[in-house]
Amino acid sequence: MHIILLGPPGCGKGTQAKKIMEQQNIPQISTGDILRAAVRQQTPLGVEAKGFMDKGELVPDELVVRIVEERLREQDCQKGFILDGFPRTVAQAEALDQTGTVIDVAVNFEVPDDEILKRLSGRRTCRSCSAMYHVPFSPPQVAGICDKCQGELYQRDDDKEETIKNRLAVYNRQTEPLIQWYAEKNKLRSIRGLGSIDDIYIQICDVLNNL
Ligand code: AP5
Ligand code: MG
Ligand code: ZN
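Attention in this report is confined to the structure presented alongside it.

**Overview of the site of ligand 1**
1) Next: In the vicinity of ligand 1 there are 36 residues, among which Thr-15, Glu-57, Arg-88, Arg-123 and Arg-167 approach most closely.
2) Next: The backbone of Gly-85 places a nitrogen or oxygen atom 2.9 Å from a nitrogen atom of ligand 1.
3) Next: A distance of 2.9 Å is found between a nitrogen atom of ligand 1 and a side-chain nitrogen or oxygen belonging to Gln-92.
4) Next: Surface burial for ligand 1 is 97%, taken as the share of its 1,000 Å² of free accessible area covered by protein chains.
5) Next: Only helix 1 (13-24), helix 2 (31-41), helix 6 (113-121), strand 6 (132-134) and helix 9 (197-209) provide two or more residues apiece to the shell around ligand 1.
6) Next: When residues of the shell around ligand 1 are assigned to their parent elements, the largest contribution, four residues, is made by helix 2.

**Comments concerning helix 9**
1) Next: Compared with the 18 Å implied by 1.5 Å per residue over 13 residues, the 18 Å span of helix 9 between its first and last C-alpha is a close match.
2) Next: Turning to helix 9, its buried residues number three or more, namely Ile-200, Tyr-201, Ile-204, Val-207 and Leu-208. Buried residues in helix 9, looked at end-on, bunch into an arc of 115°, giving them a common side. For helix 9, the exposed residues set more than 90 degrees away from the buried face come down to Ile-202 and Asn-209.
3) Next: The elements touched by buried residues of helix 9 are strand 1 (2-6), helix 1, strand 4 (105-110) and strand 8 (188-192).

**Considering the coordination of the zinc ion (ligand 3)**
1) Next: Taken together, the protein ligands of the zinc ion (ligand 3) are Cys-126 (SG), Cys-129 (SG), Cys-146 (SG) and Cys-149 (SG), with distances of 2.3 to 2.4 Å.
2) Next: Classification of the site at the zinc ion (ligand 3) rests on its four donor atoms, whose angles at the metal span 97 to 116°, yielding the label tetrahedral.
3) Next: Sequence spacing of the donor residues for the zinc ion (ligand 3), all on one chain, is C-x2-C-x16-C-x2-C. Pair noted here: Cys-129 is in the loop between strand 5 (123-126) and strand 6 and Cys-149 is in the loop between strand 6 and strand 7 (153-154), with a separation of 20 residues, a long-range link.

**Re the environment of Ile-204**
1) Next: With respect to the helices, strands and loops of the structure, Ile-204 is situated in helix 9.
2) Next: The exposure class of Ile-204 is buried, given its relative accessible area of 1%.
3) Next: Among residues more than four places away in sequence, those in contact with Ile-204 are Gln-16, Ile-20, Val-107, Phe-109 and Ile-191.

**Some thoughts on the pattern of salt bridges**
1) Next: Under the defined criterion, the tally for this structure stands at 13 salt bridges.
2) Next: Residue Asp-198 pairs with Lys-19 through a salt bridge whose shortest N-O separation is 3.0 Å. Here the residue Asp-198 occupies a position in helix 9, and Lys-19 occupies one in helix 1, the gap between them amounting to 179 residues.
3) Next: Relative accessible area serves as the criterion here: at 45%, Asp-198 is assigned to the partly exposed category.

**A look at the pairing of strand 5**
1) Next: Two strands pair when backbone bridges link them, and strand 5 and strand 6 are joined in this way by three bridges, in the antiparallel orientation. Residue Arg-123 lies in a different strand from strand 6, and its bridge partner there is His-134.
2) Next: If you look at the hairpin formed by strand 5 and strand 6, you'll find five residues sitting between the two strands, and Ser-130 has a positive phi there, around 60°.
3) Next: Pairing of strand 5 with strand 7 involves two bridges; the strand directions are antiparallel. Across the sheet, the residue bridging to Thr-125 is Tyr-154, located in strand 7.

**What to know about unusual backbone geometry**
1) Next: Cis geometry is found at the peptide bond from Phe-86 to Pro-87, where omega equals -5°.
2) Next: Structurally, Pro-87 can be placed in the loop between strand 3 (81-84) and helix 5 (90-98).
3) Next: The peptide bond linking Val-135 to Pro-136 adopts the cis configuration, its omega dihedral lying at 10°.
4) Next: Within the secondary structure, Pro-136 sits in the loop between strand 6 and strand 7.
5) Next: One non-glycine residue, Ser-130, lies in positive phi territory at about 60°.
6) Next: Its place among the elements puts Ser-130 in the loop between strand 5 and strand 6.
7) Next: At Gln-150, a position not held by glycine, the phi torsion is positive, near 65°.
8) Next: Structurally, Gln-150 is set in the loop between strand 6 and strand 7.

Criteria and cut-off values
Residues numbered from 1 in each chain as written. Chains lettered and ligands numbered in written order. Predicted model: local features only at pLDDT ≥ 70, side-chain atom pairs only at ≥ 80, totals over all residues. Heavy atoms only, no water. Near = heavy atom within 4 Å. Polar contact = N/O pair within 3.5 Å; in protein donor to acceptor, adjacent residues only side chain to side chain. Areas by Shrake-Rupley, 256 points an atom, 1.4 Å probe, with all protein chains shown as cover. Helix = DSSP H or I, 4+ residues; strand = E, 2+ residues; numbered from the N terminus. Expected span 1.5 Å × (residues − 1). Buried < 20%, exposed > 50% of the residue type's maximum accessible area, 1.4 Å probe, protein only. Arc of directions from axis to C-beta. Contact = heavy atoms within 4.5 Å. Donors = N, O, S within 2.8 Å, 3.2 Å for Na, K, Ca; no water. Tetrahedral: all angles 85-135°; square planar, octahedral: opposite > 155°, others 65-115°. Salt bridge = Lys/Arg side-chain N within 4 Å of Asp/Glu carboxyl O. Pairing = 2+ DSSP bridges.

Without other data, these values stay purely geometric and don't point to any function.
As structure tokens, this is what we get:
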């Protein structure tokens, strides 16, 4: 199964990717997580990406495409994968096509902007396993500590209101055209990204079971 999760920042791509990964036993490939790890480790990629990420701008296509090409060649991707946050531009989608990868479905999450702001301002992420929480929508059992691995929870640098607004503008300008792009290829399935995390997951299972 080759799945793309498409949608604005904070729509729930990462949250749902983790559920699909556990259920289907295929890896989640989050370009955001890979880039944040590179920033943390101060690799050349991380040093180059940081400025873009802090402003809520997209990292240049060629850098991100290279990351994904390399990742898709790894053994665990042979049985399938979930792309979370990639592609994000038409150029990235074209580059993905050129790898010869056939996509089964692009699941598009529809979530209004006011909900996005609420979700991102309350988000907490685990430093060790990148599990996602939300104060108050889905808090951890112990404040500040990951339920799954006891790691430390932190607030992402780009989850400040001004940066969130720019990320939304960037999404509308650069990523939204992909909705049309995948619709034309008859790969698009849109779901309503509002409601409980479990309700949304049920909608995704419906989509995957009816491919
Ligand atoms: P990235 O990390 O991909 O961020 P994003 O797309 O902005 O999306 P988020 O991770 O913020 O949100 P999400 O949809 O995963 O939502 P989540 O599940 O966390 O990218 C970050 C940056 O990296 C970019 O700005 C760019 O600079 C760079 N980058 C990454 N990929 C790139 C690419 N391909 N090309 C170029 N640059 C790239 O949920 C959000 C919150 O809501 C959580 O707290 C969660 O607990 C909560 N929540 C989830 N579902 C629900 C629900 N149903 N009800 C209530 N709360 C919920
Ligand atoms: Mg995410
Ligand atoms: Zn954790």
